[in-house]
Amino acid sequence: MSIRNAVIPVAGLGTRLLPATKSQPKEMLPVGKRPIVQYIVEELNLCGIERILFVTGRGKTSIEDHFDDDPDLIRNLRETGKEDLLEELQYERIGINYLYTRQRRQRGLGDAVLCAESFAGTEPFVVALGDSIIGRHRPSDIVRRLIDAFETHDAACAIAVEEVPREQVSMYGVVKPESDTDVFVISDLVEKPAPAEAPSNWAIAGRYVFAPGLFDAIKQTGFDHRGEIQLTDAIRRMLSDGRRIVGVRLPPTEKRYDIGNFESYFETFVEFALTDPVYGEKLRQHVRELLGENS
Ligand code: UTP
C-alpha cells in the first residue's frame with residue numbers, strides 16, 4: 001500500500017527564535033533561497049505524498065500564502081520580462097493538495113498531530129516537522145525508506161533517527177535500538193533524557209510514519225510538566241501496548257538540520273548559502289576576506 005497523506009505541524013510559537021519569529025513563522029525563515037517549509041514539501045513530493053495537512057496556529061497565514069497560486073505575481077513577471085524568475089515558483093505547481101487546520105492552543109507536538117485525526121482517517125500517514133530539513137544537496141528520500149520499513153515490519157510507527165553527540169541528547173527524543181542494523185526494532189524511547197540516562201545517542205530526527213492507532217495513544221497520553229502532550233510519550237504508549245516501532249538510521253551524508261534555535265539556524269543558513277550553485281563561490285570568497293581581516 002502506498003502512503004499518500006502527510007502532516008506538517010507548524011503551529012509552535014518558536015520562542016527560541018524571538019524576535020525573528022514575533023510576527024512570522026519560524027518555518028518561513030529562509031535557508032539560502034527558500035523558506036524552510038518549502039524544502040520539506042519538496043522532499044515529501046519526491047516521496048510520493050499527494051496530500052499535505054499543515055497544522056497551523058495564529059500568525060502562520062504566510063505559510064498558506066506561500067503555497068497558494070499567485071496569478072498577479074505571475075502576470076507581473078511575464079509582463080516585465082522576468083520569465084527566468086517564474087522558474088523559482090515551480091514549487092507552486094508540483095500537484096500537491098494542501099489542507100490547513102488550526103491547533104488552537106500550543107499544547108505540544110502530540111496535541112498538534114492529534115489535530116490531523118479526521119484528515120488521516122483510517123490510513124497510515126507521514127509526519128514531517130516543519131522546522132527540520134534533511135540533507136543539503138538534494139531532497140532526502142528518508143520518508144520512502146520509512147514507508148518501506150513500516151510496511152516490511154508491519155509496524156505501528158517508523159521513525160528516522162540521527163546520531164548526535166552524547167552531551168546533546170537532552171535536546172531530543174532518544175531511542176533504544178535492539179540491533180546495530182540500519183533498520184532496527186526500537187525497544188524504548190525517552191524524551192529529552194539526561195546524557196547519563198539516555199538509552200543511546202540516536203535522536204529522533206523529525207520524520208515519522210504512523211498507523212492511525214497513534215491517535216488513540218495520543219488521547220491516552222497525559223500532559224507533561226510543561227502542559228504539553230509529547231509525541232514521544234504517545235509513541236512510548238504504543239510500544240507498551242505491544243505495538244512494533246522501528247527506527248531507520250540517517251547516514252552522516254544525510255544530515256538533519258533542526259532550525260529550532262539561533263545557533264543551528266545560523267549554521268544551517270551559512271552552510272546552504274556557502275554551497276549555493278550561483279552565489280556560493282562569491283560568498284566563500286567574501287567570508288575568507290572577512291575572516292582574514294578579523295584574524
Ligand atoms: P518545537 O519543539 O521546536 O517547539 O516544535 P516550538 O514551540 O515551535 O519552539 P520553541 O520551543 O517555542 O522555540 C517542533 C515542531 O512542532 C511544531 C512546531 O511548529 C515545529 O515545527 N509544534 C510544536 C506545533 O505544531 N505545535 C506545538 O504545540 C508545538
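For the rest of this paragraph, the subject is the site of the ligand. Near the ligand you find 18 residues, and of these Gly12, Thr15, Arg16, Glu27 and Gln103 are the closest. For the ligand, an oxygen atom lies 2.9 Å from a polar atom in the backbone of Gly108. Protein contacts shield 82% of the accessible area of the ligand, which totals 570 Å² for the unbound molecule. Taken together, the residues of the shell around the ligand break down into 6 nonpolar, 7 polar and 5 charged.

Let us now look at the packing of aromatic side chains. For the coordinates displayed, the defined rule picks out 13 aromatic pairs. With a centroid separation of 5.4 Å and an interplanar angle of 80°, the aromatic rings of Tyr39 and Phe272 are classed as edge-to-face. With Tyr39 in helix α1 (residues 36-46) and Phe272 in helix α10 (residues 262-274), the pair connects residues that are 233 residues apart, well separated along the chain. Neither Tyr39 nor Phe272 differs from the other in exposure class; each is buried. Seen from their ring centres, Phe125 and Phe210 are 5.9 Å apart, and the 40° between their planes marks the pair as tilted.

The next point concerns the environment of Val37. Among the secondary structure elements, Val37 is positioned in helix α1. Val37 gets classed as buried once you look at its relative accessible area, which sits at 0%. Residues Val37 and Ile133 lie 96 residues apart in sequence; the distance between their C-alpha atoms is 8.2 Å. Apart from the residues within four sequence positions on either side, Val37 is in contact with Ile8, Val10, Glu27, Met28, Phe54 and Phe67.

One pass over the structure, following the stated rule, counts 20 salt bridges. Lys192 is paired through a salt bridge with Glu191; the nearest N and O atoms lie 3.0 Å apart. The partly exposed category is assigned to Lys192, whose relative accessible area is 39%. A residue is classified by how much of its surface remains accessible, and Glu191, at 23% relative accessible area, is partly exposed. Here the salt bridges share partners, and the residues they tie into one network are Glu117, Asp216 and Lys219.

Alignment of strand β9 (residues 173-177) against strand β10 (residues 183-191), held across 5 bridges, turns out to be antiparallel. Bridge pairing links Val174 to Val190 in β10. From the end of β9 to the start of β10, which pair antiparallel, there are 5 residues.

This brings us to the side chain of Gln103. Considering the arrangement of structural elements, one finds Gln103 in the loop between β5 (97-102) and α5 (109-114). From its side chain, Gln103 meets the backbone oxygen of Arg105 in a polar contact 3.4 Å long. Polar side-chain contacts of Gln103 include one of 2.9 Å to the side chain of Asp111. With residues up to four places along the chain from it excluded, the contact list for Gln103 reads Ala11, Val55, Thr56, Gly57, Gly108, Asp111, Ala112 and Cys115.

Moving on: unusual backbone geometry. Look at the link from Leu18 to Pro19: it is a cis peptide, with omega at 5°. On the secondary structure map, Pro19 appears in the loop between β1 (5-9) and β2 (30-31). Within the chain, Asp154 stands out as a residue other than glycine whose phi angle is a positive 50°. The residue Asp154 is located in the loop between α7 (142-152) and β8 (157-163) in this model. Notably, Lys192 is not glycine yet its phi reads approximately 45°, a positive angle. Along the chain, Lys192 turns up in the loop between β10 and β11 (202-210).

The rules behind these values
- Residues numbered from 1 in each chain as written.
- Predicted model: local features only at pLDDT ≥ 70, side-chain atom pairs only at ≥ 80, totals over all residues.
- Heavy atoms only, no water.
- Near = heavy atom within 4 Å.
- Polar contact = N/O pair within 3.5 Å; in protein donor to acceptor, adjacent residues only side chain to side chain.
- Areas by Shrake-Rupley, 256 points an atom, 1.4 Å probe, with all protein chains shown as cover.
- Nonpolar A, V, L, I, M, F, W, Y, C, P; charged D, E, K, R; others polar.
- Phe/Tyr/Trp six-rings, centres within 6.5 Å; stacked < 30°, edge-to-face > 60°.
- Helix = DSSP H or I, 4+ residues; strand = E, 2+ residues; numbered from the N terminus.
- Buried < 20%, exposed > 50% of the residue type's maximum accessible area, 1.4 Å probe, protein only.
- Contact = heavy atoms within 4.5 Å.
- Salt bridge = Lys/Arg side-chain N within 4 Å of Asp/Glu carboxyl O.
- Pairing = 2+ DSSP bridges.

The values reported here are purely geometric and, on their own, carry no functional implication.
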